[in-house]
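# Topology and contacts: notes
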Amino acid sequence: MEQGGASRPVATLWQLEFNNERVCCNIYRDGQSLQLRVESPSAVIVDEPFDLMPRMLSKTRALRASFIRRGWRDS
């Protein structure tokens, strides 16, 4: 990640909204690897290494489904 947290995502997998709040699932490049972050404007909810394997893609879908069950909607 770039110094000072100023890096930009290389991909956004999804964005959700609830009561004027937003969360998004972004992929960042961290040196030679990728990093998954589910984040809001004020906090990072999930931050972990990411690989393009079916297991990790399923996890991002499950995270999205969990937010949707709680009332979040696509933005």
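Going by the structure above, here's the rest.
Definitions and limits used
- Residues numbered from 1 in each chain as written.
- Predicted model: local features only at pLDDT ≥ 70, side-chain atom pairs only at ≥ 80, totals over all residues.
- Heavy atoms only, no water.
- Helix = DSSP H or I, 4+ residues; strand = E, 2+ residues; numbered from the N terminus.
- Rg over C-alpha atoms; globule rule 2.2 N^0.38 Å.
- Buried < 20%, exposed > 50% of the residue type's maximum accessible area, 1.4 Å probe, protein only.
- Contact = heavy atoms within 4.5 Å.
- Areas by Shrake-Rupley, 256 points an atom, 1.4 Å probe, with all protein chains shown as cover.
- Lys, Arg positive; Asp, Glu negative; His and termini not counted.
- Charge placed at Lys NZ, Arg CZ, Asp CG, Glu CD.
- Core = buried A, V, L, I, M, F, W, Y, C linked by side-chain atoms within 4.5 Å.
- Expected span 1.5 Å × (residues − 1).
- Arc of directions from axis to C-beta.

## Quick notes on the overall build of the chain
On a plain count of helices and strands, the chain comes out with one helix and five strands. Helices and strands appear in the chain in the N-to-C order β-β-β-β-α-β. A compact globule built from 75 residues should have a C-alpha radius of gyration of about 11 Å, and the chain, at 12 Å, falls within 12% of that. For the chain, with 75 residues in total, the buried portion stands at 32%. If you take every contact in the chain between residues at least 6 apart in sequence, the share linking residues at least 24 apart comes to 32%. By element, 50% of the accessible surface of the chain is carried by carbon and sulfur atoms, the whole surface being about 5,200 Å². In the chain, which carries 11 positive and 9 negative side-chain charges, the distance between the mean positions of the two groups comes to 7 Å.

## Things to note about the environment of Gln15
Its place among the elements puts Gln15 in strand β1 (residues 11–18). On the basis of relative accessible area, Gln15 is assigned to the partly exposed category, the value being 34%. Once the C-alpha coordinates of Gln15 and Ser40 are considered, the two residues, 25 residues apart in sequence, prove to be 9.7 Å apart. When near neighbours in sequence (up to four residues on either side) are disregarded, Gln15 contacts Arg22, Val23, Cys24, Arg73, Asp74 and Ser75.

## Side note on the nonpolar core
Of all hydrophobic cores here, the largest spans 13 residues; its most connected members are Trp14, Leu16, Val23, Leu36, Val38, Phe50 and Phe67. If you list the elements that add at least two residues to this core, you get β1, β2 (21–30), β3 (33–39), β4 (44–50) and α1 (54–69). Among all residues touching Val38, those that are not within four sequence positions of it are Trp14, Cys24, Cys25, Val44, Ile45, Val46, Leu63 and Phe67.

## Topic: α1
Residues that lie three or four places apart on an α-helix share one face, since the helix turns once every 3.6 residues. Its 16 residues give α1 an end-to-end C-alpha distance of 22 Å, which sits within 8% of 22 Å, the value for a rise of 1.5 Å per residue. Among the residues of α1, Met56, Thr60, Ser66 and Phe67 are the ones counted as buried. The arc that holds every buried residue of α1, seen down its axis, measures 120 degrees, which confines them to one face. Among the exposed residues of α1, those pointing more than 90 degrees away from its buried face are Pro54, Arg55, Arg61 and Arg69. Of the residues one or two after α1, Gly71 is the one with positive phi, at around 105 degrees.

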